[in-house]
Amino acid sequence: SQQGEEDPQALSIQEGENATMNCSYKTSINNLQWYRQNSGRGLVHLILIRSNEREKHSGRLRVTLDTSKKSSSLLITASRAADTASYFCAPVDTGRRALTFGSGTRLQVQP
Amino acid sequence: GAGVSQSPRYKVAKRGQDVALRCDPISGHVSLFWYQQALGQGPEFLTYFQNEAQLDKSGLPSDRFFAERPEGSVSTLKIQRTQQEDSAVYLCASSAGGAWMDEQFFGPGTRLTVL
């Protein structure tokens, strides 16, 4: 089944720096979604990018999608301590009814 | 309510006990999903409902797992004869439309510990 693989597995940065996380997948997609999970809580939807889009912005978030390379990236600019969380990508194809997640990137933002 | 709620938040069961986990989706949401999340891993799909119809249960790990949504709103995930490997966080999510490609809204999860 389709599954996103996030890279790196862990990332530690200083407050104010930018954080970049990558996601690779294997088959054709309809869209790709990014979610954040704070420790001990449920997932929060961040952004959805469709297969015919190349870039999307939402506040301090910038997502890119390269369907030829089957990859996506999530950039968080001017990071804050509150951005500390695990980040998951979920590529969505027509063959499955639910989101399929990888192991995520654990981001630590040091104040 | 404002979001998806789940109860209980924490459940400790002795091996062999039956447990029932409840999910209250956002009012009016058509689609409801259950996921299982092991420590340090991403959520794994268990089952999907569109209204009261269970359209996909391919992720349920064994016949000890059973889910229902009889009136198309509240859902219950039941695990019979719990085993230690069932210990995980169980997440419920809902989305507005019948299209599973939509944004999903997650509840806080139920942490199940089987002793």
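This section reports on the structure supplied with the text. (Residues numbered from 1 in each chain as written. Chains lettered and ligands numbered in written order. Predicted model: local features only at pLDDT ≥ 70, side-chain atom pairs only at ≥ 80, totals over all residues. Heavy atoms only, no water.)

## Focus: the state of the cysteines
Put simply, the test is: Note on terminology: pairs of cysteine sulfur atoms within 2.5 Å are recorded as disulfides. Secondary structure elements follow DSSP: runs of H or I of four or more residues count as helices, runs of E of two or more count as strands, with numbering from the N terminus. Note on classification: 1.4 Å probe, protein chains only; a residue is buried when its accessible area is under 20% of the maximum for its type, exposed when over 50%, partly exposed between these limits.
Under the definition given, this model contains two disulfides over all chains. In this model, A:Cys23 is linked to A:Cys89 through a disulfide, with the two sulfur atoms separated by 2.0 Å. On the S-S bond that ties A:Cys23 to A:Cys89, the torsion sits near 70°, and the link is right-handed. Placement of A:Cys23 in strand E3 (residues 19-24) and of A:Cys89 in strand E9 (residues 85-92) is noted, with a sequence separation of 66 residues between them. Classification of A:Cys23 as buried rests on a relative accessible area of 1%. On the basis of relative accessible area, A:Cys89 is assigned to the buried category, the value being 0%. Between the sulfur of B:Cys23 and that of B:Cys92 lies a disulfide, 1.8 Å long from S to S. Between B:Cys23 and B:Cys92, the S-S dihedral sits near -65°, and the bridge is therefore left-handed. Of this pair, B:Cys23 sits in strand E3 (residues 19-24) while B:Cys92 sits in strand E9 (residues 88-95), and the two are 69 residues apart along the sequence.

The quantities given are spatial measurements derived from coordinates; they are silent on function.
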